[in-house]
Structures are given as C-alpha cells and as structure tokens.
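Observations on the model geometry
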Amino acid sequence: MKVENGNTFTYSIHNTSKKPNTLSGDCYFARQHENYMLLSIADGLGSGPAARFAAEKTVKEIEANFDVDSPLQLLELSNRTLQGSRGSVVGIACIDWRSCSCKYAGIGNITCISITPQRKKQYYLSVPGYLNGRSFHAIERSFPFHPGDTIVLYSDGIQLPDNWEYIVTEPGSTQQVLQRIIHQMETINDDATLIIGKWDQTSPSSTSF
Ligand SMILES: [Mn+2]
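One structure accompanies this document, and this report is about it. Given the structure is predicted, the values throughout are model-derived calculations rather than measurements. (Residues numbered from 1 in each chain as written. Predicted model: local features only at pLDDT ≥ 70, side-chain atom pairs only at ≥ 80, totals over all residues.)

Here's the deal with the overall build of the protein chain
Along its length, the protein chain carries four helices and 12 strands. On the principal axes, the C-alpha backbone points of the protein chain span a range of 65 × 35 × 25 Å. In the protein chain, 66% of the contacts between residues at least 6 apart in sequence involve partners at least 24 apart. (Helix = DSSP H or I, 4+ residues; strand = E, 2+ residues; numbered from the N terminus. Contact = placed C-beta atoms within 7 Å.)

Structure below.
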C-alpha cells in the first residue's frame, strides 16, 4: 500500500481458533486510511460463540468509526456496544504518517510493541480489565514511528519466540516474518491473533531531468 514518497505500509495477519473448524474468539480489524493505518485486535472473554460475539461487535464498531484516529476514543465507542455481552479485551494502534508516530490504547491482555531496524523496542501499555459496557479507565500514548519501523500486535494466544526481535528485523516481507515467527513459536491452546506491520523504506528511485 502506498503511503508517500515511495514508502509503503504492509501488514500480515495470523488468526486461528482454539478448536479446529470453529470460529475464533479473536477478531481483528486493519485498514489503511489516507493519513494513518489502523490495526486492532479484540479477544472475547471465554471461548465459543459468546466470545466471538463480543469480539465481533468490538471490531465492527471500530470499522464503523474508521475515520476516528484516536484509539482511546475507539475503545469508548466499542465499549458502548458491549453492554450485556460477555466482554472483550481490545488493543488498537494508529500509525500516523503525518506525524511519524504510533498511538495506542488497550485494555486487557493484548500486547503492542514497536521496533526499529536497530532493534530499539517500545512497549505500549494496555491497562488491566476488559470492555463490557461499563465505564472503564484506559490511556492513550503516542511514540515515534518512522519508515523502517515494525509494529507487532498480538493476543494472549501468542507467545513470541525468544529471538523474535531478530526475526522481525531480518530482510523480508511481513508475510515471511509472520511465517518465521509462527514456525518458531510455541503453540498455546487458545484463540490466537498476531499482526506484523511494517512501514517499508524503499530506496528513492532515480530521477533524471
Ligand atoms: Mn485469549
């Protein structure tokens, strides 16, 4: 996907369910806006249809409010739709190429990390808890995110291999990176979602006058 000046943002997603041939209780939404990239994961509490229902409601609300570039505001909007549901943990990242930054807000067990090509890591905070329509407290924080940087977002069904930071900074597409991580990670018996997103730095093409 084109961002600007030949830069591209690409992402790959791994989403599986605990039991084969059943719907995952993890849902995700990822889409590129003109000014930013939105990446999100919702993990419905428990498993089975009730978990799926809550997670799906959450990501559908994020999708419906795709023009909102505030993860915290998106959490608040999603929360309203979850009244009476089982509840869901949620993590939302917004990478903005106007300001070269990544905003993140999360509640519950969703992990978000950004990493530079030099393997400088930034962990984003998810507050404890979950959304179920009641009032909640969460925070939104913003950190620098530049061309060449990678974002890693995942639910608690994923355990990254010890050498993950070397895998994600090796050359290759986000799909190749995702496959390498899946191949090397230990399997957890849970619904699982992993998103790898990268702001690719392409060398400027030569221009002749
Ligand atoms: Mn889970």
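That shown, we press on.
Focus: helix 2 (residues 71-80)
Those residues of helix 2 that sit buried are Pro71, Leu74, Leu75, Ser78 and Asn79. Projected down its long axis, helix 2 carries its buried residues within an arc of 140°, all on one side. Close packing links the buried residues of helix 2 with helix 1 (49-64), strand 5 (88-96) and strand 6 (101-107). (Buried ≥ 20, exposed ≤ 12 C-beta atoms within 10 Å, placed from the backbone. Arc of directions from axis to C-beta.)

A look at the packing of helix 1 against helix 2
Running from N to C, helix 1 and helix 2 cross one another at 130°; their axes reach a closest spacing of 9 Å. What the angle tells us is that helix 1 and helix 2 run oblique. The chirality of how helix 1 crosses helix 2 is right-handed. Listed contacts from helix 2 to Thr58, Glu61 and Ile62 of helix 1 are Leu74, Leu77 and Ser78. (Axes fitted to C-alpha atoms, helices over the stretch in contact; angles between N-to-C directions. Parallel < 35°, antiparallel > 145°, perpendicular 65-115°, else oblique. Left-handed = near helix turned anticlockwise from the far one by under 90°.)

A look at the environment of Val90
Following the sequence through the fold, Val90 ends up in strand 5. Residue Val90 is classed as buried on the basis of its C-beta count, with 32 C-beta atoms lying within 10 Å. Note: C-alpha distance between Val90 and Thr58 (32 residues apart in sequence) is 7.9 Å. Beyond its immediate sequence surroundings of up to four residues, Val90 is in contact with Ser40, Ala42, Thr58, Leu75, Ser78, Gly106, Ile107, Gly108, Ile110 and Leu131.

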